[in-house]
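Coordinates in review
Read off the chains here:
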Amino acid sequence: MKYFLFFFISISMFSQKREITYNLHFNNSEKSSLITIKEENKMLFLEYKLIDSISSDLNKDKKYNRILRKIEKLSFKAENLKLIENHLYQLNIIKEKYIFYKSDSILVPISENEIFYNDFNNLFNTHVDILKNKKKTRIVLDSQRSIQTILKSNDDIKIIPMMSPDEKSHPLLISFLKNSLNLYREQKQNNFLSKEYIYNY
């Protein structure tokens, strides 16, 4: 019985499909970026999409508009937030079909990057209110950039919007974002991650 329980827990742990996506936006520019970190077996797959523009055909997408209408009908009450987050996630998936971007990726072995993997796990194990840093009141002087962070574990989705975030306002999320970008820089040693797409991160 103990063996079966251990086996079941082990299978459950390794069958989890977890990913983190950072969606960086700049209010005065069409340029933005998507950084996704996916858990795949004993590796982490990191993909970096630098977005130049979004096709106007997105506004004609029937499924996209149908989901938008569903969100508009829902009030932002606590009992609706999970459903709204799932709808927003679906919108992002549809939106990706209409973006013009260039991309690159790296594979990171977990065994060689245990600290980074621990930080990855930590984001899923930390209460969302701590990730949002709800307790701290903050005056935002620079509202020209925003980041939407999506944490997905199997079918569970958490969406965390951040306005002009830094390591003081959202230490766990921004520190992990910076580390994800630095891993690319260390492996590739090129100028792909230019400032116009990722700000100073």
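Residues numbered from 1 in each chain as written. Predicted model: local features only at pLDDT ≥ 70, side-chain atom pairs only at ≥ 80, totals over all residues. Heavy atoms only, no water.

So, the overall build of the chain
Summing up its helical and strand segments, the chain has seven helices and six strands in all. Listing the helices and strands of the chain from first to last along the sequence gives α-β-β-β-α-α-β-α-α-β-β-α-α. Scored against the burial criterion, the 201 residues of the chain give a buried share of 41%. Considering only contacts within the chain whose residues lie at least 6 apart along the sequence, 66% involve residues at least 24 apart. As displayed, the chain has an accessible area near 12,600 Å², and 53% of this comes from carbon and sulfur atoms. (Helix = DSSP H or I, 4+ residues; strand = E, 2+ residues; numbered from the N terminus. Buried < 20%, exposed > 50% of the residue type's maximum accessible area, 1.4 Å probe, protein only. Contact = heavy atoms within 4.5 Å. Areas by Shrake-Rupley, 256 points an atom, 1.4 Å probe, with all protein chains shown as cover.)

Some words on the pairing of strand β3 (residues 43-54)
Inspection of the sheet shows strand β2 (residues 32-40) paired to β3 by nine bridges, in the antiparallel sense. Within β3, the position partnered with S32 by the bridge is I51. The turn joining β2 and β3, which pair antiparallel and follow one another in sequence, is formed by two residues; a positive phi near 55° is taken by N41. Inspection of the sheet shows β3 paired to strand β4 (residues 99-109) by 11 bridges, in the antiparallel sense. Counterpart to L50 in the pairing with β4 is K102. (Pairing = 2+ DSSP bridges.)

Points about the nonpolar core
Core analysis: the biggest nonpolar cluster contains 35 residues, and I20, Y22, I37, L44, L46 and Y48 have the highest contact counts within it. Tallying contributions element by element places helix α6 (residues 171-188) first for this core, with seven residues. Those residues in contact with L46, other than ones at most four positions away along the chain, are T36, I37, D104, S105, I106, V108, F116, S180 and L183. Of all hydrophobic cores here, the second largest spans seven residues; its members include Y64, I71, I94 and Y98. (Core = buried A, V, L, I, M, F, W, Y, C linked by side-chain atoms within 4.5 Å.)

A look at the environment of I159
Tracing the chain through its elements places I159 in strand β6 (residues 156-163). Along the primary structure I159 and Q148 are separated by 11 residues, whereas in three dimensions their C-alpha atoms are 6.9 Å apart. Contacts of I159, omitting those with residues within four sequence positions, involve E85, L88, Y89, K132, Q148, T149 and I150.

A word on the pattern of salt bridges
This structure, assessed with the given rule, holds nine salt bridges. Here D52 makes a salt bridge to K31, at a shortest N to O gap of 3.7 Å. Placement of D52 in strand β3 and of K31 in the loop between β1 (18-26) and β2 is noted, with a sequence separation of 21 residues between them. Relative accessible area serves as the criterion here: at 22%, K31 is assigned to the partly exposed category. (Salt bridge = Lys/Arg side-chain N within 4 Å of Asp/Glu carboxyl O.)

So, the side chain of N23
For N23, the position within the fold is in strand β1. With relative accessibility at 7%, the residue N23 sits in the buried group. A distance of 3.2 Å separates polar atoms of two side chains, one belonging to N23 and the other to H25. (Polar contact = N/O pair within 3.5 Å; in protein donor to acceptor, adjacent residues only side chain to side chain.)

Let's talk about the sheet that holds β6
Pairing in this open sheet of six strands is antiparallel, and the strands run β4-β3-β2-β1-β5-β6 from one edge to the other. A single partner strand is all that each edge strand has here, and the edge strands are β4 and β6. In this sheet, neighbouring strand axes are inclined to one another by 15° on average, regardless of whether the strands run parallel or antiparallel. Set on the sheet, helix α4 (residues 114-125) makes contact with β1, β2, β3 and β5 (145-153); between it and β1 the angle comes to about 85°. The sheet contacts of α6 involve β1, β2, β3, β4, β5 and β6, and relative to β4 the element is tilted by about 85°. (Axes fitted to C-alpha atoms, helices over the stretch in contact; angles between N-to-C directions.)

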